[in-house]
Amino acid sequence: MGIGINAAEAEPAISHVLSPDNLHNINLVKTNLTPEEKAHAAAEFGKWVRANGLRELIETVSLFLDKLYLPLFVMHHGADKEGKKLERPERLERLGIIDKIDSMSIVLPVSDEDKRMLMAMNRMRNCYAHRRGIVGTRDLDENADVMTVRWNAFELQVKEPNGNIIREVELYNRVIEKGGLIQLNVVARTRSFKQGNELVLLKQDIKEICLSALTIGQRMLQNTVEQARERGILREAVDENLNEPKAV
């Protein structure tokens, strides 16, 4: 996504011609564009990159859940504590990401916050993929006229000796005479879009969305590792190269 979006914003604009065909003199699009047409083509390319990037992000998370579910299914012998049979792994693979999380929640708890963020990522992906990024009726929040998307981000701040907090946006080009404690906070980001408006995500937004997906996956993995340790399936055998515990 970084390469694609940066290419869409490059100045001067990168050529839009897929492949020059001098032999047959066939052109799919105009070869020479006006500055306005070049800007429009670049903007549309940026949307295409975002749509594909979000789709790949969701599909990667979905594949990660499939792989993570296999050891969980084995550890729990295919049933929960009450003896209810778990979803078969091959069946789970065919479910959408939200249905997967619901099915896995019996053996892999997922916080409401993490679930809301994954749902928001999936909604953004669907809006781009099915409605060209234009917010439609199916994208709207329940009983609302807007589509709200949310994710988490990291934000720096400095706490001065007197207790005063200086937020990240106020730190640049500023001298803190008495020094302070640098802190890293997790903050919630939200964006709301009305029906008919375009879903616009900035590069910083997309970076933070990807980071949210990564940290959600890390929490799920850690939960699975802890379950394996509790059952004696995972021992503290440290790989000399990876410095991580190895399953036995």
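Quick caveat, the model's predicted, so the values are computed rather than measured.

*Asks:* Run through the overall build of the protein, naming residues and quoting values.
*Replies:* Helix and strand counts for the protein stand at six helices and five strands. For the protein, the α and β elements follow one another from N to C terminus as α-α-α-α-α-β-β-β-α-β-β. For the protein, buried positions account for 36% of its 248 residues. Sequence separation of at least 24 residues holds for 63% of the intrachain contacts in the protein that already meet a minimum separation of 6.

*Asks:* How would you sum up the packing of aromatic side chains? Please name residues and give values.
*Replies:* Each aromatic ring pair is summarised here by two numbers: the centre-to-centre distance and the angle between the ring planes. The full count for this structure, using the stated rule, is two aromatic pairs. Ring centres of Tyr 69 and Phe 73 lie 6.0 Å apart, and the angle between their planes is 50°; this geometry places the pair in the tilted category. Taken as a pair, Tyr 69 and Phe 73 lie in helix H2 (residues 35-75) at a separation of four residues, close to a single helical turn. Residue Tyr 69 shares its accessibility class with Phe 73, and that shared class is buried.

*Asks:* Tell me about the pattern of salt bridges, residues and numbers included.
*Replies:* Applying the stated criterion across every chain, the model contains 15 salt bridges. Residue Glu 90 is joined to Arg 88 by a salt bridge in which the shortest nitrogen-to-oxygen separation is 3.4 Å. Judged by its relative accessible area of 42%, Glu 90 is partly exposed. Of the charged contacts, one joins Glu 155 and Arg 189 as a salt bridge, the two residues approaching to 3.6 Å between their closest N and O atoms. Of this pair, Glu 155 sits in strand S1 (residues 146-159) while Arg 189 sits in strand S3 (residues 181-194), placing them 34 residues apart in sequence. Shared partners join several salt bridges into a network, and the residues in it are Glu 155, Arg 167, Arg 189 and Glu 208.

*Asks:* Which residues make up the side chain of Asn 152, and what values do they have?
*Replies:* By secondary structure assignment, the location of Asn 152 is in strand S1. At 2.9 Å, the side chain of Asn 152 and the side chain of Glu 113 are in polar contact. Apart from the residues lying within four places of it in its own chain, the contact partners of Asn 152 are Glu 113, Met 117, Val 186, Val 187, Ala 188, Glu 208 and Ser 212.

*Asks:* How would you sum up the sheet that holds S1? Please name residues and give values.
*Replies:* Strand order in the open sheet formed by three strands is S2-S1-S3, with antiparallel pairing between adjacent strands. With partners counted over all chains shown, the strands left at the sheet margins are strand S2 (165-167) and S3, one partner each. For this sheet the average axis-to-axis angle between neighbouring strands, irrespective of direction, equals 35°. Strand direction decides the pairing type here: S1 and S3, joined by 14 bridges, are antiparallel. Directly across from Trp 151, in S3, lies its bridge partner Arg 189. The sheet contacts of helix H6 (residues 203-230) involve S1 and S3, and relative to S1 the element is tilted by about 85°.

*Asks:* Before we move on, can you summarise a nonpolar patch on the surface with the specific residues and values?
*Replies:* There is a patch of nonpolar side chains on the surface, built from Phe 154, Leu 156, Ile 182, Leu 184 and Val 186 and spanning about 500 Å² of accessible area. Summarising the element assignment, Leu 156 is placed in strand S1.

About the thresholds
Residues numbered from 1 in each chain as written. Predicted model: local features only at pLDDT ≥ 70, side-chain atom pairs only at ≥ 80, totals over all residues. Heavy atoms only, no water. Helix = DSSP H or I, 4+ residues; strand = E, 2+ residues; numbered from the N terminus. Buried < 20%, exposed > 50% of the residue type's maximum accessible area, 1.4 Å probe, protein only. Contact = heavy atoms within 4.5 Å. Phe/Tyr/Trp six-rings, centres within 6.5 Å; stacked < 30°, edge-to-face > 60°. Salt bridge = Lys/Arg side-chain N within 4 Å of Asp/Glu carboxyl O. Polar contact = N/O pair within 3.5 Å; in protein donor to acceptor, adjacent residues only side chain to side chain. Pairing = 2+ DSSP bridges. Axes fitted to C-alpha atoms, helices over the stretch in contact; angles between N-to-C directions. Patch = residues over 30% accessible without salt bridge, like charges linked within 9 Å, V, L, I, M, F, W, Y side chains within 5 Å. Areas by Shrake-Rupley, 256 points an atom, 1.4 Å probe, with all protein chains shown as cover.

So far we have only geometry, and geometry alone does not tell us how the molecule works.
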